[in-house]
Structures are given as C-alpha cells and as structure tokens.
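Inside the fold
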Amino acid sequence: MKAYSIPAVYRLTILSILLLIIGSGCSITRGIDKNQALVRKITIKGIDEQFAEAAVNYVDKEQQPNNWLNLQFYYLFSKKGKKNIGEAPAILDSNLVEYSRFQMEKYIQNRGYLKAKITDSIIIKKQKAELVFTAQEGPMFRIRKVTDSIADKNIKNLFNQNRNKISHISPGGRFDTDSLAHDRDELYLLMKRNGYYDFYRQYINFNYDSTFNNSVVDVKMIIDNPAGKTEHPVYTINNTLITISKSNGRTPGKADTLQVDSQFRFVDFSGKFKPRTVIDYTFQKKGQIYDIDKQTLTTTRLSELNVFRNVPNPTYEKLPDSTHRLNTKIDIVPLKQMSDRVEGEFLFSSGRYGYNVGNTFTDRNVFKQAAILQVKLNWSVLFDNGPSGNTGIQNQEFRVGVNLIYPRILTPFSFPLLGKYGVPHTTFSSNYSLFFQKGLVKRESFINSISYDFFETGRKQHTITPINIEFSRGVIDPAAKDSLLKQNRYSYVYLIGRTTFTTGSQYTFQYNAIELNSYKNFTYFRGSLDVGGNFLSLLGNTFNAPRDTAGQRKIFGYAFSQYTKTELDLRIYRSLGGERQFVFRINPGIGIPYGNSNALIFEKNFYTGGANDIRAWLPRTLGPGQFNRGTYYGTDTTNRSRLKYLDQFGEIKIIGNAEYRYKLADNFFGAKLKGAVFIDAGNVWRLGKKTENPNGEFRFDNILQSTAVGIGTGLRFDLSFFVFRLDAAFKFKDPQFNGSDQWVLFKHANELFSTGPFKRAYLQSNGESYNFMQLNFGIGLPF
C-alpha cells in the first residue's frame, strides 16, 4: 500500500474548499447564448397549499431550475454535452412553459377544482428567468351520490364485502380522479386475488355527472361482463412446469423432464438444481384458485434465493376445455455459480494510517439446493510513523470465516416453511481470527455457531443462535506483561493473556430493515441478547469440576466464561423532501460477567471510534470514560511506545449520532454525489472503578463530562450497487481533559492544521501528537 502523507491530504482538502469558493463566483449563465435565458425560479400562486408543492412537479423537466453544483459540473466537464456529467442548463422554452401550464391546470382540475384555470407569465432579468403560474381555482366539487351497476352477482357480492377496505369514494368527499383510479386498481387486484384471471381494468368504468351551479358530482361505477357471457369465470391452478436454463439463458439439447408429483414437472438444462429448490417457493398449489399475490410472492422469493439472475412472473395457459383451469410455467435463468468480491476501507490520521481489505468467495448452489457457501478473508493493518519517520506495522488482524447458508429452517424435527414474508435461513458458521499488537499481545479466537433467521412479518425479523461455541487465547509479550504488572494493571493482563472458552446462545430482533435504503419516514430497531456459560456452569457444578488458581471452574482443562451482553440500535429516519434525509441514532450496550467470571471475554467488550460510530477517533482509541492513557503512563517513553495502541474498552457503551444527508449532484462521473454533515457523541465505560483505568468507570453524575463529541462532513458517491464514502471528522469535545479544556475545537481552532503550544504540550506529556481531524474511507453508509 502506498503511504500518503497526511499534510498533503490536508492541503488537498483545503484546495478543494478554495476551488468551491472560487467557483461559486462563476456566472451560471456563462454556458448559454446571449439570446437565451436560464430558468432559475418557479412561482406558484393561487393553488391550495396541499397541492402547491406537487403542482411544481407538473412543470416540464427541462424547465425545472438547475441544481447549482450540477450545472457547474456540466460547464466544467461535459464540453457542451459531449460527456454525460452534471446537468444541462434549463434553457427557457415558451412552448414547454405552455405545456407545463396545461399539465398543471389539468392536475388541479383532477383534484376537484373542475372550473380551475391557470395562466402563466415569464420574468427575465440578466438572462435569468422566473416562471409564474397563477391559478383561479374556483369552487371545489364534492361527491353527492355514489351508485354502482355490476352485472355479475358474484363480483357484486365480493365488492360489497370489501367495499369499506378498498374504496376511497364516498358521499361528501372531494371529487378526485385519483380516487377513481385508486378504486379501479383496488377492485382489479381484488378480482385477481380471487380467481378472476381473465379480469381486466377495462371492465371497470366510472360515469360522473357534475352540476356546475351546485359544485356537486354524482358518480356511478360500472363493471361489465365479458362480451357474450353472463359472468366472469373463476380459474383454478392445474399443473406447473418449471424450466431452468443455463446461466447464459440458453436451453440447448435435451434435458430430462422429471415428474415430481401430481402438479410439478421439472426440467433443468443446467443440471445443477434439485426440484425442491424451486418447488418450496412456488406458492400456487394445484386446486387453489388463481391469486395474483401468490404469483408475485413466488417471483419475489425465488429472486431472494440469490441464485437466479432472471425470475419473471409465472405465466399461465388456459386448458382448452370448460374447466377453467390454468397450467403454470416458470422459466428461470441461474446466476453464475461462483463469484468473488473485494471490499476495503482506509483511514488516515496524522502519522497513522491503515486499511481493512476483505475478499468474499461465494458458491451460490452447494448440494444443488441453493445453499450458499461463503468464504471470507479479511486483513486489517494499522501503520505508524516511528520517531525517525520510518513507517512500520503497529497492529494487524487476520480473519477467515466460512458460512454455509441454507434457504430454509433445518432442524431434526418437522418445521413449517416460513416463507410468506421472506426467505428463512439456516447458517452454519465457523470463524477464526488472529490479532497481533506489536510488542504487546497475540490473540486467537475460534467461533462456531448455528443460526436461524426468519421473518415474522414483512418488517419483523428474528435471528436465533441456539449454539455458539467460542474459544480464545492470548499470549502477552514478556516485556509488556512486566510493564503492565508494574502499573498494577493485573486485570488487563488477565483479560488479554488468558485462555478461555464458553458456550452460549444469542437472539437478535430487527424491525424495518426493509426500509433502510429508502427516503421514507420510519424507525429502525435492532436489539440483541447474548448469554454464555450457563450450561457449562450447570455442568461444572453438577460434576464438581476443578478450579484454577483464580477460583474459576475448568471444563476440559480451561476456565470458561459466564456473562450476559445486550446491545440496542434505534434509528429514526425523517425525509425532508427529494433525497434529503435526517437520521438520528442511539446505540447503547452493556455486558455483565457473573458466576464463573469476573471479566468479559476480551472480544465481548465494547469499543468505539472508527468509521461507523464516533468518527473523529481511530478505532478502539476512545475511553473508557475520562481515562487519559498518556498521562497514566507518565514519563516512561519505552512503556508508552509499547502500549501506544492498547485497546481502550469498556463493559458499557452509549453512542449517539445525528446526520443530515442531501444530494449535491445527479451525475458526477457516473455517480450521484451526495453530502452529509454529522455529529457523533458517546463513549465506553468500565463497570465499577478499575485501577488500570482511572476515571474510566460509569457514573450517572459524570455522563456528560465523560462523553466525547465529534463533528464532521462527508461525501457519498452513490453508484447504485454500492456507496463509496469519505468522511472528515473533527474532535469537538475530548473527555480525556477536564472542564472547559474538553472543548478542544473551540479553544485550539488555530492549531487545527498547524502545531502550536497545545499540540507541543500534548506531545511532551503523552508521547504522541494530538490529531483534531480523522479521515475515514469506506463502502456503504455508516448507519
């Protein structure tokens, strides 16, 4: 990896800001001819407030004012349209203005103002145009009477049974053609859910008579029968033919047709699937009435298996008799069975930088059952510039994991297919990690588990891990161990240097994960509970297992851990219109050792800092509480250097984030360019006072004093299939100091990008430089 100097990054950031400032003075009309004008403003007058915002959308797209940044990108990079970057200028076109006026007038009339008239005018100053649309709405028309004429008695009964659920039309209500369209669509779907395969929207019509003097409308709904018939037929499902092509979409040669049962026939030209893979998620069964929802559900679930590239809706063929039966055809194209994906993130902070690189290999169809095998490799490295300027590896971690994921619940006993709201999974997982901290410790952990996840509803997801076995071992560098013991840091030596294992169970509940990539108003929640060691405790007590020198019982020669840990993640998403969004997040957690343990397993502790919580601090370098590591080490420079990246952890975590997200440009070299401003706050704390972490314990009367605050801004490059992110975060309030000295950005803003008395004093007392800014590069949003 190439080492980029942080001062150069600072200079690049400042230069970018200066360019934007200079660019803001550029004329936005410099790219158009002198006889042209640029649309810069749209004014709506006389339209009811509840419709005024939507009315603007009826102005033609080419007459909508440009986003300033989009327009500047177009002028800078597009070379008058030769490249598709930014947004072409919205040049005034009187024909499009007239078309927009007509569309807006039609929109208002369809909202119940049948007498509405709209006029337009154009104001031009210095090649900048304002479009003014003025409405004379007139009276709002309301519905006086609603009647219907339905020739088919069965459909009339079905409609009457569901009228209150599907109809938006009622006497006294505002006459709105959207409501008529809504009722037509709802009635059409009602028919399609109840066997009426041949039913079309064209059978439904609305007649309405308006009395202009009284501003009322009488509405009549008419449902016709098919030509020459006295009723609409109800269809049932007969046989189903499933055909799987090769991954290139071809069906060459011959393939054996397998008669699975009385309904299903299966043809697999790829030769890689068992019939159950598709049949389990085909929800229309023989003898059932046709149901469009089950048709859609089949398509959705087969797509969610993540093994098929093209899953169109099932097609139907009517039998050439009078039985009103349908044969179903499902034609699908598989994805390539093997794939490989590389991911990574980078971080920089004056003198320190690192990266996290991962590779995921996927086999999408193990055992011909759409079971997915994933092999994940990950390597994290943190570099540090030494006193002589030489760069060396400070710590690194290697992780490898193997997951085998079945698209169903596998248990020794019969279990129903929970596929109505999502594909359930059984995951067999095995993960190994090796962590090395230069001059401090080498730690290994090995985790094996079986998990089940399924959807209770479309929004509620449960993950249950009944079996989770963890083994961890740490070996401390002898010199570091001696230094820690001289500082009375016995519990830390015990924590990172012991060998332990545990068995436990975990449970996670998620709500509204389906909305996470939307701009709706919603609340997301994730809660997890992790309980370990209770079975081993029962086993050890029952058989009077031996104890080690610390008094803890041992199983198979090793002390086991007993604990309870829980963590919550609550997020509130609020749409501010368009692609603007505000997100608030609170993320608390607590882990409590008990019984056979007086400390959590090292990996079970909480840590903070990094790209996804408090972004102004490097990972694992914040807290606990007000603990000041540099001051605690005193003047022992050798000891400080050795323990420089000692993980700072706690049994309690409280993180809060607030982030405003907005769109900057629609087309920035093929990506949507989005921005964000954010504030992060929180910390980790120890349970009770610890000699190795002075002022690191959790106390209600000291929460504000011991809370860290970071602020920042970022860019998101949205490429649809993933988001590349760059965040610049600044320490605003640092809890390692006391009183007003905590507000570091206020007190020492002049040293943000330079060195002064504050940074020199910090370097002398702590043995390392103080960094106000932290850059985080990553893939995906932070939350």
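Shown above is the structure to which this text applies.
Notes on the structure follow.

Quick look at the overall build of the protein
When its secondary structure is counted, the protein shows 15 helices and 30 strands. Here the C-alpha coordinates of the protein stretch approximately 95 × 75 × 55 Å along the principal axes. Within the span of the protein, comprising 783 residues, buried residues form 47% of the whole. If you take every contact in the protein between residues at least 6 apart in sequence, the share linking residues at least 24 apart comes to 65%. As displayed, the protein has an accessible area near 38800 Å², and 55% of this comes from carbon and sulfur atoms. Each charge class in the protein can be summarised by its mean position, and for the 101 positive and 70 negative side chains these summaries are 3 Å apart.

Some details on the pattern of salt bridges
Inspection of the entire model under this criterion finds 42 salt bridges. Of the charged contacts, one joins Glu343 and Arg341 as a salt bridge, the two residues approaching to 3.2 Å between their closest N and O atoms. When its relative accessible area of 36% is taken as the criterion, Glu343 is described as partly exposed. A salt bridge links Glu603 to Arg443; the shortest N-O distance between them is 3.1 Å. A residue pair is termed long-range when its members are at least 10 positions apart, and Glu603 in the loop between strand 25 (581-593) and helix 12 (629-633) and Arg443 in strand 18 (residues 441-455) qualify at 160 residues. On the basis of relative accessible area, Glu603 is assigned to the partly exposed category, the value being 33%. The buried category is assigned to Arg443, whose relative accessible area is 3%. Connected via shared salt-bridge partners are Arg615, Glu659, Arg661, Asp680, Arg716, Arg725 and Asp727.

Digging into the sheet that holds strand 5 (residues 204-211)
The sheet built from three strands is open, its strands ordered 4-6-5 with mixed pairing. Edge positions in the open sheet fall to strand 4 (142-150) and strand 5, since each of these has one partner strand only. Across this sheet, the average inter-strand angle for adjacent strands is 15 degrees, counted without regard to direction. Of the pairings in the sheet, the one linking strand 5 to strand 6 (residues 216-223) comprises eight bridges and is antiparallel in character. Looking across to strand 6, one finds that Thr211 is bridged to Val216. Of the strands in this sheet, strand 4 and strand 6 are in contact with helix 5 (residues 153-166), which crosses strand 4 at around 145 degrees.

Remarks on the environment of Ala545
Mapped onto the elements of the fold, Ala545 is located in the loop between helix 11 (534-542) and strand 22 (554-555). The class of Ala545 is buried, set by a relative accessible area of 10%.

Quick notes on the nonpolar core
With 23 residues, the main nonpolar core has Leu187, Met191, Phe199, Met221 and Ile223 as its most contacted residues. Residue assignment for this core shows that the elements contributing at least two residues are strand 4, helix 5, helix 6 (177-192), strand 5 and strand 6. If we skip the residues at most four places from it in the chain, Phe199 touches Ile155, Tyr188, Met191, Lys192, Ile204, Ile223 and His232. With 19 residues, the next largest nonpolar core counts Ile242, Phe264, Phe273 and Ile332 among its residues.

Details of the packing of aromatic side chains
Taken as a whole, this structure holds 40 aromatic pairs when the rule is applied. Judged by centre distance (6.0 Å) and plane angle (45 degrees), the ring pair of Tyr355 and Phe383 falls under tilted. Of the two residues, Tyr355 is situated in strand 14 (residues 352-366) and Phe383 in strand 15 (residues 371-385); the sequence distance between them amounts to 28 residues. As far as burial versus exposure is concerned, Tyr355 and Phe383 are alike and both buried. Ring geometry for Phe758 against Tyr770: centres 5.1 Å apart, planes inclined by 75 degrees, an arrangement best described as edge-to-face. Of the two residues, Phe758 sits in helix 15 (residues 757-766) while Tyr770 sits in the loop between helix 15 and strand 30 (773-779), which places them 12 residues apart along the sequence. By the burial criterion, Phe758 is buried, and Tyr770 matches it. Three or more aromatic residues joined by ring pairs form one cluster here, namely Phe737, Phe758, Tyr762, Tyr770 and Phe772. In this arrangement the basic side chain of Arg201 is found over the ring face of Tyr188, its NZ or CZ atom lying 4.0 Å from the centre. The cationic tip of Lys731 hangs over the ring face of Tyr770; the distance from NZ or CZ to the ring centre is 5.6 Å.

Quick word on the sheet that holds strand 1 (residues 38-45)
On the basis of which strands lie adjacent, the open sheet formed by three strands has the order 1-3-2 and mixed pairing. Of all the strands in the sheet, just strand 1 and strand 2 (117-125) have a single pairing partner and so form its edges. The mean inter-strand angle of the sheet, taken between neighbouring strand axes irrespective of direction, is 20 degrees. Inspection of the sheet shows strand 1 paired to strand 3 (residues 128-136) by seven bridges, in the parallel sense. Within the sheet, the bridge partner assigned to Ile42 lies in strand 3 and is Leu131. Of the strands in this sheet, strand 1, strand 2 and strand 3 are in contact with helix 4 (residues 94-110), which crosses strand 2 at around 145 degrees.

Topic: a nonpolar patch on the surface
On the surface, Phe721, Phe722, Phe724 and Ile779 cluster together into a nonpolar patch covering about 380 Å² of accessible area. On the secondary structure map, Phe724 appears in strand 29 (residues 723-733).

Topic: the pairing of strand 20 (residues 499-511)
Here 12 bridges tie strand 19 (residues 460-476) to strand 20, and the two strands are oriented antiparallel to one another. From the neighbouring strand, Ser472 faces strand 20, where its bridge partner is Thr500. Both strand 20 and strand 23 (residues 558-560) contribute to a ladder of two bridges, which runs parallel. Looking across to strand 23, one finds that Phe501 is bridged to Phe560. Here eight bridges tie strand 20 to strand 21 (residues 522-532), and the two strands are oriented antiparallel to one another. The partner of Tyr507 across the bridge, within strand 21, is Leu529.

Thoughts on the packing of helix 5 against helix 6
Helix-helix packing is described using two parameters, namely the angle between the two axes and the distance between the axes. Interaxial distance between helix 5 and helix 6 falls to 11 Å at its minimum, and their mutual angle equals 125 degrees. Classed by the angle they form, the pair helix 5 and helix 6 counts as oblique. The two elements helix 5 and helix 6 cross, and the hand of that crossing is right-handed. Facing Ile155, Leu158, Phe159, Asn162 and Ile166 of helix 5, the residues of helix 6 in contact are His182, Asp183, Glu186, Leu187, Leu190 and Met191. Of the residues contributing to the contact of helix 5 with helix 6, the split by class is seven nonpolar, two polar and two charged.

Some details on helix 4
For the α-helix, the turn length of 3.6 residues means that residues three or four positions removed from each other point alike. Compared with the 24 Å implied by 1.5 Å per residue over 17 residues, the 24 Å span of helix 4 between its first and last C-alpha is a close match. Tucked inside the fold, the buried residues of helix 4 contact strand 1, helix 2 (49-56), strand 2 and strand 3. Phi turns positive one or two residues past the end of helix 4, at Gly112, with a value near 110 degrees.

Conventions we followed
- Residues numbered from 1 in each chain as written.
- Predicted model: local features only at pLDDT ≥ 70, side-chain atom pairs only at ≥ 80, totals over all residues.
- Heavy atoms only, no water.
- Helix = DSSP H or I, 4+ residues; strand = E, 2+ residues; numbered from the N terminus.
- Buried < 20%, exposed > 50% of the residue type's maximum accessible area, 1.4 Å probe, protein only.
- Contact = heavy atoms within 4.5 Å.
- Areas by Shrake-Rupley, 256 points an atom, 1.4 Å probe, with all protein chains shown as cover.
- Lys, Arg positive; Asp, Glu negative; His and termini not counted.
- Charge placed at Lys NZ, Arg CZ, Asp CG, Glu CD.
- Salt bridge = Lys/Arg side-chain N within 4 Å of Asp/Glu carboxyl O.
- Pairing = 2+ DSSP bridges.
- Axes fitted to C-alpha atoms, helices over the stretch in contact; angles between N-to-C directions.
- Core = buried A, V, L, I, M, F, W, Y, C linked by side-chain atoms within 4.5 Å.
- Phe/Tyr/Trp six-rings, centres within 6.5 Å; stacked < 30°, edge-to-face > 60°.
- Lys NZ or Arg CZ within 6 Å of the ring centre and 35° of its normal.
- Patch = residues over 30% accessible without salt bridge, like charges linked within 9 Å, V, L, I, M, F, W, Y side chains within 5 Å.
- Parallel < 35°, antiparallel > 145°, perpendicular 65-115°, else oblique.
- Left-handed = near helix turned anticlockwise from the far one by under 90°.
- Nonpolar A, V, L, I, M, F, W, Y, C, P; charged D, E, K, R; others polar.
- Expected span 1.5 Å × (residues − 1).

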